[in-house]
Amino acid sequence: MWGFLIALLSGALMSLQGVLNTEATKQSGVWLCAVWVQLTALATCALFWLFGDRAPFSSLFQIRPWYLLIGGVLGAFITWSVVKGMDRLGPARATLTIVVTQILVSYGIELFGLFGVEKVPFEWRRLLGAGIAIAGIVIFHL
């Protein structure tokens, strides 16, 4: 149940962040705003690390494979793509498209067992669900 509630919170926060970032970029520029977003995220994470789990900093240098550490780079492009998507499509259509894409890519990662994720067997009902989600995007965009 906690996982579901946390996922709901995540979705709400991502939608709110996308709208706030989109409006802020109209007054500052997308990359400057992204710098601010990433710096404030860094400060927030540093505080939680200092007063939280306190994993040794050196553990970062032992993470293998190396590409597991590119989340910050992806974060910069996520910020850019959300802002541009919301600016061109509006918050609701952009968010729907983003979320359905997340579902499809995440299922593909599970299906093929990529990046250390446990592989799951193919299920027709999940493919049907993906098709319905895609149809929802098409209907919502009309």
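My aim in this report is to walk through the structure given alongside it, one point at a time. (Residues numbered from 1 in each chain as written. Predicted model: local features only at pLDDT ≥ 70, side-chain atom pairs only at ≥ 80, totals over all residues. Heavy atoms only, no water.)

**A closer look at the pattern of salt bridges**
Heads up, the rule is: We count a salt bridge whenever a side-chain nitrogen from Lys or Arg sits within 4 Å of a carboxyl oxygen from Asp or Glu. Counting from the N terminus, the helices are DSSP H or I runs at least four residues long and the strands are E runs at least two residues long. Burial here depends on accessible area, computed with a 1.4 Å probe over protein chains only, as a share of the maximum for the residue type. Under 20% is buried, over 50% is exposed, and the range in between is partly exposed.
Using the criterion set out here, one finds 3 salt bridges in the structure. Of the charged contacts in the structure, one is a salt bridge between Lys26 and Glu23, with a shortest N-O distance of 3.1 Å. Residue Lys26 and its partner Glu23 are located together in helix α1 (residues 2-28), separated by 3 residues, close to a single helical turn. Owing to a relative accessible area of 41%, Glu23 belongs among the partly exposed residues under this scheme. With a shortest N-O distance of 3.5 Å, Arg126 and Glu110 are connected by a salt bridge.

**Considerations on the packing of α1 against helix α3 (residues 71-89)**
Let me state the cut-off plainly: Axis angles are defined between N-to-C directions and span 0 to 180 degrees, where every axis is a line fitted to C-alpha atoms and, for a helix, only to the segment in contact. Each angle receives one of four descriptions, namely roughly parallel if under 35 degrees, roughly antiparallel if over 145, roughly perpendicular if within 65 to 115, and oblique otherwise. The contact criterion used is simple: two residues touch if any of their non-hydrogen atoms lie within 4.5 Å. Side-chain classes are defined by residue name, with Ala, Val, Leu, Ile, Met, Phe, Trp, Tyr, Cys and Pro counting as nonpolar, Asp, Glu, Lys and Arg as charged, and the others, Gly among them, as polar.
Interhelical geometry of α1 versus α3 gives an angle of 80° and a closest axis separation of 9 Å. Classified by the angle their axes make, α1 and α3 are roughly perpendicular. Across the interface between the two elements, Ser15, Gly18, Val19, Asn21, Thr22, Thr25 and Lys26 from α1 touch Thr79, Val82, Val83, Met86 and Asp87 from α3. Class assignment for the residues of the contact of α1 with α3 results in 4 nonpolar, 6 polar and 2 charged.

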